[in-house]
Amino acid sequence: MKDDASISGRNSLDWDAIAAELDGVELIREPVLVKKRSRDFFWYSPILNRTLKTCFGDLVARPATPDQMARCLAVAHAHDAPVVLRGGGTGNYGQSVPLDGGLIIDTTAMNRVLEIGDGWVRAEAGALMADINAALAESGQELAMFPSTQDIATIGGFVAGGSGGIGSVAHGMLRDKGNLIGLTALSVEAEPQAHRFEGSDALHIHHAWGLNGAITEVTVRCVPRQDWIGCIASFDDYTSAYAAGYDLACDKEMGCKLVSTVDARIAGYFPRLMGHVRQGADLLVAMVPRAGLEGLRAVITAHGGTLDVALDEGARQAAGLPHVFEFSYNHTTLQVLKSDRSATYQQIGVPDAGDIGAIARLNADLGDDVWQHHEFARRGGAVVSFDLPIVWYESDEQLGRVNAIYERHGFTVHDAHAFHVEGGGLKNVDYRHLAWKKRMDPKGLMNSGKSKAWPQVRDLPADQIERMTQEE
Ligand SMILES: Cc1cc2nc3c(=O)[nH]c(=O)nc-3n(C[C@H](O)[C@H](O)[C@H](O)COP(=O)(O)OP(=O)(O)OC[C@H]3O[C@@H](n4cnc5c(N)ncnc54)[C@H](O)[C@@H]3O)c2cc1C
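Residues numbered from 1 in each chain as written. Predicted model: local features only at pLDDT ≥ 70, side-chain atom pairs only at ≥ 80, totals over all residues. Heavy atoms only, no water.

**A look at the domain arrangement of the protein chain**
Now for step 1: By the assigned domains, the protein chain splits into domain 1 (4-106) and domain 2 (228-413).
Now for step 2: Between domain 1 and domain 2, the C-alpha centre-to-centre distance is 35 Å.
Now for step 3: On the side of domain 2, 12 residues touch domain 1, which itself brings 8 residues to the contact.
Now for step 4: Of the roughly 860 Å² buried between domain 1 and domain 2, counting both surfaces, carbon and sulfur atoms make up 59%.
Now for step 5: Among the residues domain 1 hides against domain 2, the three largest losses belong to Trp43, Tyr44 and Pro46. Together they make up 60% of the total.
Now for step 6: Inspection of the domain 1/domain 2 interface yields 1 salt bridge.
Now for step 7: A salt bridge links Asp396 to Arg50, with the nearest nitrogen and oxygen atoms 2.6 Å apart. (Domains from an automatic or database assignment. Contact = heavy atoms within 4.5 Å. Buried area = accessible area lost by both parts, 1.4 Å probe. Salt bridge = Lys/Arg side-chain N within 4 Å of Asp/Glu carboxyl O.)

**Structural notes on the confidence of the model for the protein chain**
Now for step 1: A residue-level look at the protein chain finds 96% of positions with pLDDT of 70 or above and a mean pLDDT of 95.
Now for step 2: Here residues 1-8 is a poorly scored stretch, pLDDT under 50, and it has 15 contacts once near neighbours within four places are set aside; other chains count. (pLDDT = per-residue confidence, 0-100.)

**Description of helix H14 (residues 396-408)**
Now for step 1: When the terminal C-alpha atoms of H14 are compared, their 18 Å separation across 13 residues agrees well with the 18 Å that a helix rising 1.5 Å per residue should span.
Now for step 2: Looking only at H14, the buried set comprises Gln398, Leu399, Val402, Asn403, Ile405 and Tyr406. Taken end-on, H14 shows its buried residues confined to a sector of 155°, consistent with a single buried face. Opposite its buried face, H14 presents the exposed residues Glu397, Arg401 and Arg408, each directed more than 90 degrees away.
Now for step 3: Once H14 ends, the next one or two residues include Gly410, with phi positive near 85°. (Helix = DSSP H or I, 4+ residues; strand = E, 2+ residues; numbered from the N terminus. Expected span 1.5 Å × (residues − 1). Buried < 20%, exposed > 50% of the residue type's maximum accessible area, 1.4 Å probe, protein only. Arc of directions from axis to C-beta.)

**Details of the packing of helix H13 (residues 356-366) against H14**
Now for step 1: Packing of H13 against H14 leaves a shortest axis separation of 10 Å and a crossing angle of 155°. By the angle class used here, H13 and H14 are roughly antiparallel. Note on packing geometry: the crossing formed by H13 with H14 is right-handed. Contacts between H13 and H14 pair Leu362, Asp365 and Leu366 from the former with Ile405, Tyr406 and Arg408 from the latter.
Now for step 2: Here the contact of H13 with H14 is built from residues that sort into 4 nonpolar, no polar and 2 charged. (Axes fitted to C-alpha atoms, helices over the stretch in contact; angles between N-to-C directions. Parallel < 35°, antiparallel > 145°, perpendicular 65-115°, else oblique. Left-handed = near helix turned anticlockwise from the far one by under 90°. Nonpolar A, V, L, I, M, F, W, Y, C, P; charged D, E, K, R; others polar.)

**Some words on the packing of aromatic side chains**
Now for step 1: Within this structure, the stated rule accounts for 14 aromatic pairs.
Now for step 2: With 6.2 Å between their ring centres and 40° between their planes, Tyr269 and Trp371 make a pair best called tilted. Highlighted residues: Tyr269 in the loop between helix H9 (264-267) and strand E13 (282-289) and Trp371 in strand E17 (residues 370-371), separated in sequence by 102 residues.
Now for step 3: The exposure class assigned to Trp371 is buried, which follows from its relative accessible area of 11%.
Now for step 4: The rings of Phe41, Trp43, Tyr44 and Tyr345 are connected pair by pair, giving a single aromatic cluster.
Now for step 5: Across the ring face of Phe56, the terminal group of Lys35 is positioned such that the distance to the ring centre comes to 4.8 Å.
Now for step 6: When the ring centre of Trp436 is taken as origin, the NZ or CZ atom of Arg439, which lies over that ring, is 4.6 Å away. (Phe/Tyr/Trp six-rings, centres within 6.5 Å; stacked < 30°, edge-to-face > 60°. Lys NZ or Arg CZ within 6 Å of the ring centre and 35° of its normal.)

**Some details on the site of the ligand**
Now for step 1: Neighbouring residues of the ligand: 38 residues in total, closest Leu85, Gly88, Thr90, Thr154 and Gly164.
Now for step 2: In the environment of the ligand, an oxygen atom lies 2.7 Å from a nitrogen or oxygen atom belonging to the backbone of Gly88.
Now for step 3: In isolation the ligand exposes 970 Å². Once the protein is present, 97% of that is buried.
Now for step 4: Those elements that provide at least two residues to the shell around the ligand are strand E3 (83-86), helix H6 (155-161), strand E10 (214-224) and helix H12 (329-339).
Now for step 5: Ranked by the residues each element gives to the shell around the ligand, the list is headed by H6, at 5 residues. (Near = heavy atom within 4 Å. Polar contact = N/O pair within 3.5 Å; in protein donor to acceptor, adjacent residues only side chain to side chain. Areas by Shrake-Rupley, 256 points an atom, 1.4 Å probe, with all protein chains shown as cover.)

**Looking at the sheet that holds strand E15 (residues 343-345)**
Now for step 1: Ordered by their spatial adjacency, 3 strands build an open sheet running E15-E20-E17, and the pairing between neighbours is antiparallel. The open sheet has two free edges, formed respectively by E15 and E17, since each of these has just one partner strand.
Now for step 2: As judged from the 2 bridges shared by E17 and strand E20 (residues 390-392), these two strands associate in the antiparallel manner. In the strand pairing of E20, Val370 is matched with Val391. (Pairing = 2+ DSSP bridges.)

**Describing the side chain of Gln347**
Now for step 1: Along the polypeptide, Gln347 turns up in the loop between E15 and strand E16 (348-349).
Now for step 2: Overall, the relative accessible area of 13% leaves Gln347 in the buried class.
Now for step 3: Only 2.6 Å separates the side chain of Gln347 from the side chain of Tyr93, close enough to count as a polar contact.
Now for step 4: Contact partners of Gln347, with chain neighbours within four places excluded, come to Tyr93, Asp387, Leu388, Thr412, Val413, His414, Asp415 and Ala416.

**Considering unusual backbone geometry**
Now for step 1: Residue His207 is not a glycine yet carries a positive backbone phi of 60°.
Now for step 2: Here His207 shows up in the loop between strand E9 (194-198) and E10.
Now for step 3: Here the phi dihedral of Trp209 falls at roughly 60°; this positive angle occurs in a residue that is not glycine.
Now for step 4: Looking at the element boundaries, Trp209 is found in the loop between E9 and E10.

As structure tokens, then:
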């Protein structure tokens, strides 16, 4: 396994020969463009930036069909070339950064919406989620959830690298039953095979960061489209905003698809909201169906807040404002980074979303270096929240001290500054993912270096790796 110090990127395969064998597939060889497609949003983290900024691929292929994708994988297999799948490249942990150089397979030309049914949509992996949502409008539906990056992120990248987003407070995380309906993925072999994963079997591939199969198409849940009102409310203190957020998240009938709370100091970095929301206030950001608007207003008032913005889509466009979800999830971090690159963030699991006192006690301890921002969601049916705070980074040691404060309060740190799949996102080894890696990618070419545990199991039979799941 490569350690951090030895990560370097490009390797010395015969790329002219590889390019010749990929004749007919769109290729990108211009070094500046290859470098561009070797990056994602890892630069949010000073630690990942330090580690990954010199990792580049050697060649980008942009297949337009599953057959072309299969050819790319077969050629990579024949040359023992490392392979990294890439959608929109909006991941935050260097997920689509080629640690060992190699072939980058950009899926964005495989972007067709294939079929729309009642409650589901089937699309090619490279389809942008905003385009899928637009295609669904005609049938009166929308994606059950999508990340705030929907304009540039692909559905394949979301399934392989994401976890939830706008819609998760109503419908749960992507991994919750019924949200990810099925997917097809290709193996990396001399003759790549298409494997179909239905229902919970799709979790074998979900959130594996493209380590264990190249997804060609996915089927995901959609829900009846609503007339959404984008809302922003202001509060005098963060705890009240959070308490209102918790009540809104619990009110299933009201049906919010987004509930976020943002510390006033972060909101100070939202210039586009100037004149629309009370300055210096802590904010609650929500999307509510029109029928729930009065209920939402009542909850905000009961917690001492004021509803400053309540706009449907037409009014939002007329006012020239961004979607309210651009002040949620990791867009919040982006708004701060636009002004000051010394900011970074962390990902924190809240042990009991309804324990408002715990949020207040933590807030007092975090001091001036850490500004809270919570997202509410459902997981397994229960309301959960997680904190994506702004951290004013000084050193790795200081970040360690911030993590220790959270942990002392019983909160879980899902480290946003780790590039291994077992680092932040999963925290534990997912042996089921690795068993499927053994089946789908026996040479271990896919997103090499991103699994810490793979080198320890790569020589074991897949079934034995899978049994390690139960033994854990
Ligand atoms: C501002 C901002 C906001 C964000 N908000 C959210 C959010 O709300 N919710 C959320 O979950 N995430 C969020 N993210 C993270 C990211 O945007 C999403 O996970 C997004 O869905 C990734 O899609 P992508 O097409 O950009 O994938 P990429 O970044 O290109 O890839 C992600 C991972 O999937 C793999 N991959 C891509 N395509 C395939 C394929 N066809 N087959 C196999 N593996 C593949 C890649 O190798 C990589 O490991 C955010 C990121 C930013 C920068």
